[in-house]
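Results of the structural survey
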Amino acid sequence: MKNRFLRLNDELRMIRAAGRNDKLKRLFLSFIILNSSFIIQSCGVYSFTGTTLSPNIKTVTVNNFVLATAGGPANLPLTFNEKLKEYYQRYTNLKVVPANGDMVLEGNITGYDLLAVAPTAQDQAGVNRLQITVLTRFYNNKDESKNFEQAFSFYQDFPQGQTLSQNESRLVPKILDQIVLDIFNKTAADW
């Protein structure tokens, strides 16, 4: 009889402990849900791609950037335009339209420069630098306070003993990728 009483007492303690655990679990779950809702509300306009675009912006137009400098490959403006359009298509929900977009990008490739850097004791450049500059005009037709005109520039270095033609096909895509990223960050991520 005593063993039976001890067994019942142990079972009763286990039931009470399980009830407390359930209450703690429910309290913890409620806490998580409540905090998550506050965090989501406080973030405002946010996407997991890093953009801070207003939800009423649905389209982007990339007008043809033109080559306004001597030098550079003939297909440089076309390559740049396509990279820019592709980036917006890939990393936003915006539709790229040929005209009258909610956001409009246009401009000129104003610099394609080969510079000598890192001078050596023999008055030669130890390293050559290819630098590309793009003047960009941005129009936000939903919020004109975000409009800007800005030059974006980036470069890549290559060894002095090599020519530009040996390195151009490797360097130009890297430079354009960085300039596209900088333009995207300024227009869509508000950085």
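The following refers to the structure shown. Numbers given to residues run from 1 along each chain, matching the order in which its sequence is written. A pLDDT threshold of at least 70 governs which residues receive local features in this predicted model, and a stricter bar of 80 or more applies before side-chain atom pairs are shown or counted, although totals over entire chains, interfaces and linings include all residues. Values shown for side chains rest on all heavy atoms present in the structure; no hydrogens or waters enter the calculation.

1. As for the overall build of the protein chain
Each helix is a run of H or I in the DSSP string that is no shorter than four residues. Each strand is a run of E no shorter than two, and both are numbered from the N terminus. Check the secondary structure of the protein chain and you find three helices and six strands. In sequence order, the secondary structure elements of the protein chain are arranged as α-β-β-α-β-β-β-β-α. A burial count over the protein chain gives 29% of its 191 residues as buried. The contact criterion used is simple: two residues touch if any of their non-hydrogen atoms lie within 4.5 Å. Counting contacts in the protein chain only where the partners sit at least 6 residues apart, residues at least 24 apart contribute 67% of the total. Here, Shrake-Rupley sampling with a 1.4 Å probe gives the accessible areas, and only protein chains in the shown set may cover a residue. Within the structure as shown, the protein chain displays about 12,600 Å² of accessible surface, and the carbon and sulfur contribution to it stands at 55%. When a residue's accessible area, from a 1.4 Å probe over protein chains only, is under 20% of the maximum for its type it is buried; when over 50% it is exposed; and in between it is partly exposed.

2. Observations regarding unusual backbone geometry
Residues other than glycine seldom take positive phi values, yet N100 does so here, at roughly 60°. Within the secondary structure, N100 sits in the loop between β3 (95-96) and β4 (103-119).

3. A look at the pairing of strand β1 (residues 59-62)
In β1, alternate side chains face the same way, and those of T59 and T61 on one face and V60 and V62 on the other are all buried. Here, a strand pair is defined by DSSP locating no fewer than two bridges between the strands. Relative to β3, β1 runs parallel, the two being bridged by two bridges. The partner of T59 across the bridge, within β3, is K95. The pairing of β1 with β4 spans three bridges and is parallel. Looking across to β4, one finds that V60 is bridged to M103.

4. Let's talk about helix α2 (residues 76-91)
Helix span, expected: 1.5 Å multiplied by one less than the number of residues in the helix. Between its first and last C-alpha atoms α2 spans 22 Å; for 16 residues at 1.5 Å apiece the expected length is 22 Å, and the two agree. What α2 keeps buried is the set L76, P77, F80, N81, L84 and Y88. Along α2, the residues classed as buried sweep out an arc of 135° about the axis, all on the same side. The exposed set on the far side of α2, more than 90 degrees from its buried face, consists of L78 and R90. For α2, the secondary structure elements touched by its buried residues are β1, β2 (66-67), β4, β5 (125-140) and α3 (164-187). It is the directions from the helix axis to the C-beta atoms that the arc portrays.

5. Examining the pattern of salt bridges
A side chain of one charge can pair with a side chain of the opposite charge when the charged atoms of the two come close. A pairing counts as a salt bridge when a side-chain nitrogen of Lys or Arg comes within 4 Å of a carboxyl oxygen of Asp or Glu. Summed over the entire model, instances satisfying the criterion amount to six salt bridges. A salt bridge links R90 to E86, with the nearest nitrogen and oxygen atoms 3.1 Å apart. Here E86 and R90 lie together in helix α2, a separation of four residues that amounts to about one turn. Its relative accessible area of 55% is what places R90 among the exposed residues. Residue E106 pairs with R137 through a salt bridge whose shortest N-O separation is 3.5 Å. Of this pair, E106 sits in strand β4 while R137 sits in strand β5, placing them 31 residues apart in sequence. For R137, a relative accessible area of 18% gives the class buried.

6. Things to note about the nonpolar core
Side chains that are nonpolar tend, in soluble globular proteins, to be buried together. Take the buried Ala, Val, Leu, Ile, Met, Phe, Trp, Tyr and Cys residues and link them wherever side-chain atoms come within 4.5 Å; each set so joined is a nonpolar core. Ranked by size, the top nonpolar core spans 31 residues in total, and within it F80, L84, Y88 and I132 carry the most contacts. Counting only elements with at least two residues in this core, the list comes to β1, α2, β4, β5, β6 (148-159) and α3. Of all the elements, α3 adds the most residues to this core, at eight residues. Discounting residues that sit within four places of it in the chain, I132 has contacts with I109, G111, Y112, F152, S153, F154, V172, I175, L176 and I179.

7. A short note on the environment of N140
As for its position among the elements, N140 is in strand β5. Spatially, the C-alpha atom of N140 lies 8.8 Å from that of I57, the residues being 83 residues apart in sequence. Non-local contacts of N140, meaning those with residues more than four positions away in its chain, are made with I57, D102, K146 and N147. For this analysis, a polar contact is any N or O atom pair within 3.5 Å, provided that within protein one partner can donate a hydrogen and the other can accept it, and provided that sequence-adjacent residues contribute only side-chain to side-chain pairs. A distance of 2.9 Å separates a polar side-chain atom of N140 from the backbone nitrogen of K142. Polar contacts involving the side chain of N140 include one to the main-chain amide nitrogen of D143, which spans 3.0 Å.

Shape is all these values report; function is a separate question.
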